[in-house]
Amino acid sequence: MKRRDFLKQSTFASGMFFVPQFLKAFEHNTNSIFSNKKVVIIQLKGGNDGLNTVVPFNNDIYYQQRNNIALKQADLFKISDEVGLHKSLQPLQKLYDKGFLSIINNVGYPNPNLSHFRATDIWQTASDSNEFLQNGWVGRYLDFIKGNPYTAIEVDESLSLMMKGKTQNGLAITDSKMFYNSMKAPFFNNVVSNYNDAHLSEHNLGYLYNTMIDAKSSAKHIYEKTKTKNSSAEYPKNLFGKQLKNISQFINSGLETQVYYAGLSGFDTHANQTNTQARLLNLYAETMEVFINDLQKNNTFDDVLILTFSEFGRRVKQNESKGTDHGTANNVFLMGKNLKKQGLYNNLPNLANLDKNGNLKYEIDFREIYATILDKWLKVDDTAILNKSFSKLGFI
């Protein structure tokens, strides 16, 4: 059903008077319900060193602070007269040249936390640094649109806080066939069939029970939908490659999921950073190149926006172990065919103006990126989901 037909047939549209604010919220909601737009979120887990990813190769301070690990021009591919990307990201060059990549620099938030676990929670919940939320921003999106249980899928064995809402969660799926078979297991069926409402209420298990019901009801649909579409693309044979291959299969099969979440671990480079980061960035870039080419081949890339973030950056000055310690602001990569501003979205960090701990100062709040995606891409009320209003950016 097209959105305009839905509105015509709706009792809301035919018999009620709308104040402008309510009409706007309703429009946002129905836009999302009928949207084909998808967001693929990728976390570089451990805190990727953004300064050695997007490199100011003409900046003397950069080389003074990193005498052992600074990248020379020969270690980069240039995207401007002042900036180069780590050579391990070379597989992204064709995508960059086509205008499919936008790099947002100096992304962070006030009073940053340098703990992996707490910083990840902040990014996943879109909270303030001193605010502790029990649900994630994608989970609250699910609550808001009241979509299908499989509206958000994390390609992992467990579900992150990001995907958990107050009333609805996303699904954690590593393999659609395995997920389907697990939902048919006798033990699972007995649990689902034998609990009654009174027993659930007595033991406060209603939320868990409903989650199990959602998973069971989704498993068959996901499996039936995706088993007809096998990717012929050659993905890197590692966990991250498998994650992205599964996501491409979900997208190319026409599954109605709108948000996907995957991660690449290992970026906590306190010692001997150079080789580790080079290997991981190459793995990331090679996989993204295959993934995007796969989507293009299947004519699904137009409706996909890819967000890559890390829970924090690294300190500007290298440490004594030829690595970098936990820092603050970082760069965020956005990939897609509908980018309004390709290449460098804003200026690189000012290395002459650091905070008292020698860390980069943030310029863009990461929640401004979320707000832009929610408002301009998914067409929902970002303020209702993020719990406050943030400025919108101009990348889409």
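> Explain the overall build of the protein to me, please; I cannot follow it from the model alone.
Scanning the protein from N- to C-terminus turns up 15 helices and 12 strands. Taking contacts inside the protein between residues at least 6 apart in sequence as the whole, the part at least 24 apart equals 70%. Total accessible area on the protein is roughly 18200 Å²; 49% of this is exposed by carbon and sulfur atoms.

> Just checking my understanding: could you explain unusual backbone geometry for this structure?
For residues other than glycine, phi is negative in most cases, and the peptide bonds are mostly trans. Of note in this structure, asparagine 299 is not a glycine but carries a positive phi near 60°. Residue position: asparagine 299 is located in the loop between α13 (273–297) and β9 (304–309). Unlike most non-glycine residues, lysine 379 shows phi in positive territory, near 60°. Taking the relative accessible area as the measure of exposure, lysine 379 reaches 37% and is therefore partly exposed.

> Sorry if this is basic, but what is going on with the nonpolar core here?
It is characteristic of soluble globular proteins that their nonpolar side chains tend to be buried jointly. Judged by nonpolar contacts, the single largest core of 51 residues is most densely connected at Tyr284, Met288, Phe291 and Ile306. Looking at which element gives the most residues to this core, the answer is α13, with 10 residues. When residues no more than four places from it in sequence are discounted, the contact partners of phenylalanine 291 are Val40, Tyr235, Leu244, Ile247, Ser248, Ile251 and Ile306. Counting residues in hydrophobic clusters, the runner-up holds 44 residues, among them Ile104, Phe366, Trp377 and Phe390.

> Even after reading the chapter, I still don't get the confidence of the model for the protein, so can you show me in this structure?
Close reading of the predicted structure is inappropriate where its pLDDT is low. Confidence in the prediction of the protein, expressed as mean pLDDT, is 87, and 82% of residues score 70 or more. For residues 1–34, every residue scores under 50 in pLDDT, and the model assigns this stretch 33 contacts once sequence neighbours within four places are set aside. When the criterion is pLDDT under 50, residues 200–205 qualifies, and its contacts beyond four places in sequence or with other chains add up to five contacts.

> Sorry, what's going on with the packing of aromatic side chains here?
Two measures describe an aromatic ring pair: the distance that separates the ring centres and the angle between the ring planes. The tally for this structure, following the rule as stated, stands at 10 aromatic pairs. Here the aromatic rings of tyrosine 62 and tyrosine 63 are separated by 4.9 Å at their centres, their planes lie at 75°, and the arrangement is edge-to-face. When its relative accessible area of 1% is taken as the criterion, tyrosine 62 is described as buried. With a centroid separation of 4.1 Å and an interplanar angle of 15°, the aromatic rings of tryptophan 137 and tyrosine 370 are classed as stacked. Linking tryptophan 137 in helix α7 (residues 137–145) with tyrosine 370 in helix α14 (residues 366–377), this pair joins segments that are 233 residues apart in sequence. By relative accessible area, which is 3% here, tryptophan 137 ends up buried. Cluster of aromatic residues (ring-pair linked, three or more members): Tyr109, Trp123, Trp137, Phe309, Phe366 and Tyr370. The ring of tryptophan 377 is capped by lysine 37, whose NZ or CZ atom sits 4.5 Å from the centre of that ring. Its end group placed over the ring of tyrosine 345, lysine 341 keeps NZ or CZ at 5.4 Å from the ring centre.

> I tried to follow the environment of aspartate 49 on my own but got confused; where do I start?
As for its position among the elements, aspartate 49 is in the loop between β1 (38–45) and β2 (54–56). Exposure remark for aspartate 49: the relative accessible area of 1% places this residue in the buried category. With near-sequence residues (within four places) excluded, aspartate 49 lies in contact with Arg66, Gln273, Gln277, Arg314 and Thr324. Within polar-contact distance, the side chain of aspartate 49 engages the side chain of glutamine 273 at 2.7 Å.

> Any chance you could explain the pairing of strand β8 (residues 259–265) here in plain terms?
One face of the sheet, then the other: side chains in a regular strand alternate in exactly this way. With six of seven residues buried, β8 is to be regarded as a mostly interior element. When β1 meets β8, the two strands line up parallel, connected through seven bridges. When the bridges of β8 are listed, leucine 44 appears paired with leucine 264. Where strand β6 (residues 152–154) meets β8, three bridges bridge the pair, whose relative direction is parallel. If you follow glutamate 154 over to β8, its bridge partner there is tyrosine 261.

> Help me understand the pattern of salt bridges in this model?
Working definition: two side chains of opposite charge can pair if their charged atoms are close together. Under the definition given, this model contains 11 salt bridges. A salt bridge links aspartate 268 to arginine 314; its shortest N-O distance comes to 3.1 Å. Pair noted here: aspartate 268 is in the loop between β8 and α13 and arginine 314 is in the loop between β9 and β10 (330–336), with a separation of 46 residues, a long-range link. The exposure class of aspartate 268 is partly exposed, given its relative accessible area of 33%. The network of salt bridges with common partners includes Asp128, Asp365, Arg367 and Lys388.

> Looking at this structure, how should I read the side chain of glutamine 318?
Secondary-structure assignment places glutamine 318 in the loop between β9 and β10. One polar contact links the side chain of glutamine 318 to the main-chain amide nitrogen of isoleucine 69, over a distance of 3.3 Å. Once residues within four sequence positions are removed from consideration, glutamine 318 is found in contact with Gln65, Arg66, Asn67, Asn68, Ile69, Gly323 and Thr324.

> Would you mind going over the pairing of strand β5 (residues 101–108) with me for this structure?
In terms of burial, β5 is largely enclosed, as eight of its eight residues are buried. Examined bridge by bridge, β5 and β10 share five bridges and lie antiparallel to one another. By the bridge assignment, valine 107 is partnered in β10 with asparagine 330. Of the pairings in the sheet, the one linking β5 to strand β11 (residues 343–344) comprises two bridges and is parallel in character.

Rules behind the numbers
- Residues numbered from 1 in each chain as written.
- Predicted model: local features only at pLDDT ≥ 70, side-chain atom pairs only at ≥ 80, totals over all residues.
- Heavy atoms only, no water.
- Helix = DSSP H or I, 4+ residues; strand = E, 2+ residues; numbered from the N terminus.
- Contact = heavy atoms within 4.5 Å.
- Areas by Shrake-Rupley, 256 points an atom, 1.4 Å probe, with all protein chains shown as cover.
- Buried < 20%, exposed > 50% of the residue type's maximum accessible area, 1.4 Å probe, protein only.
- Core = buried A, V, L, I, M, F, W, Y, C linked by side-chain atoms within 4.5 Å.
- pLDDT = per-residue confidence, 0-100.
- Phe/Tyr/Trp six-rings, centres within 6.5 Å; stacked < 30°, edge-to-face > 60°.
- Lys NZ or Arg CZ within 6 Å of the ring centre and 35° of its normal.
- Polar contact = N/O pair within 3.5 Å; in protein donor to acceptor, adjacent residues only side chain to side chain.
- Pairing = 2+ DSSP bridges.
- Salt bridge = Lys/Arg side-chain N within 4 Å of Asp/Glu carboxyl O.

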